[in-house]
Amino acid sequence: MSFSVVKQDGVTVVDVEGQLIVGNRQELKQKVLDELEGGERRFVIDFRQTGYIDSSGLGVLVSLSKKIREQGGELRLSGLNEDLRTLFELTKLDTLFRITHTKEEALQGL
Amino acid sequence: METTFVLEVPNDLRAIERAVDLVVGRCQTCESQARRFRLNFRVALAEALANAMLYGNGSDPHKRVRVDVTVNDAEVSARVTDQGAGFDPDAVEDPTTPENLMRPGGRGLFLMRQLLDEVRFNDRGNSVTLILRLEESASFDEAASA
């Protein structure tokens, strides 16, 4: 997995490429936490180029969402493929996150 | 026709993807149910391997995980066995309840049970058998909407 971070209209946008799994989840978590500690509050993580997120990856997203909310911010997710959406629905995490089809939709109103 | 094979996987999280690829690659009869196999079986096997390495074997690099795979016209099964003391799977809480939804962990076993037709443990709790039936099983979409 690799990821890139850009600031767009005051929102921190993280593009994830590759799988978010138990072996690499901490890299993404630390990067977002660094941005949060640096004062950023609004986040979008885009998974358009991600084929698979395992339960550990889902757990990291839950943990990040909690920490961002505690700081008065918001984390949105975008670009989930059909399989990933199914995993979010099965685990009911689709009720926890605002999930949009595209990054642009996620940025609207954030 | 039935095919059986065994993988001995090092206790290294980086080995999971390759191990799953190996198992999936040997299952030619599963192609007719591509999505259920690609998503349901792959996800469940990867979760079982991660649990075995992290919790069963306690991340000990000297331990190994054994995977016994059986494929026939009716089903594919994988028995994932670690070298740990075992655990009580019934003690794992439902991660989808409101009080558990914000917890970072506890979704691996839940996903296995949701995605497969049968998940069973041995008495010791260090071996889990994952079964995906290839015929007359509930479709993934039915399971997902349940």
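Residues numbered from 1 in each chain as written. Chains lettered and ligands numbered in written order. Predicted model: local features only at pLDDT ≥ 70, side-chain atom pairs only at ≥ 80, totals over all residues. Heavy atoms only, no water.

Give a detailed account of the pattern of salt bridges, specifying residues and quantitative values.
Inspection of the entire model under this criterion finds 15 salt bridges over all chains. One salt bridge connects Arg 76 of chain A with Glu 74 of chain A, and the closest N-O pair in it is separated by 2.9 Å. Residue class for Glu 74 of chain A comes out partly exposed when judged on its relative accessible area of 30%. The closest approach of N and O atoms between Glu 75 of chain B and Arg 133 of chain B, which form a salt bridge, is 3.8 Å. (Salt bridge = Lys/Arg side-chain N within 4 Å of Asp/Glu carboxyl O. Buried < 20%, exposed > 50% of the residue type's maximum accessible area, 1.4 Å probe, protein only.)

Could you give an account of the pairing of strand β2 (residues 11-17) of chain A, naming the residues involved and the relevant values?
Residue and element names in this part refer to chain A. Of all seven residues making up β2, six are buried, and the element is well covered by its neighbours. Here seven bridges tie strand β1 (residues 2-8) to β2, and the two strands are oriented antiparallel to one another. When the sheet's bridge partners are listed, Ser 2 is paired in β2 with Glu 17. The turn joining β1 and β2, which pair antiparallel and follow one another in sequence, is formed by two residues; a positive phi near 50° is taken by Asp 9. Following the chain from β2 across helix α1 (residues 25-37) to the adjacent parallel strand β3 (residues 42-49), one finds a crossover that is right-handed. (Helix = DSSP H or I, 4+ residues; strand = E, 2+ residues; numbered from the N terminus. Pairing = 2+ DSSP bridges. Right-handed = clockwise from strand over helix to strand, strands pointing away.)

Could you give an account of unusual backbone geometry, naming the residues involved and the relevant values?
Unlike most non-glycine residues, Asp 9 of chain A shows phi in positive territory, near 50°. Counting through the fold element by element, Asp 9 of chain A comes out in the loop between β1 and β2. Judged by relative accessible area, which is 71%, Asp 9 of chain A ranks as exposed. Phi angles above zero are rare outside glycine, and Ser 59 of chain B is one such case at about 60°. By the secondary structure assignment, Ser 59 of chain B is in the loop between α2 (34-56) and β2 (64-71).

Could you give me a rundown of the confidence of the model for chain A, with the residues and numbers involved?
Residues with a pLDDT of 70 or more make up 100% of chain A, whose mean pLDDT is 95. When pLDDT is averaged over each helix and strand of chain A, the minimum, 93, is found for β1 of chain A and the maximum, 98, for strand β4 (residues 74-78) of chain A. (pLDDT = per-residue confidence, 0-100.)

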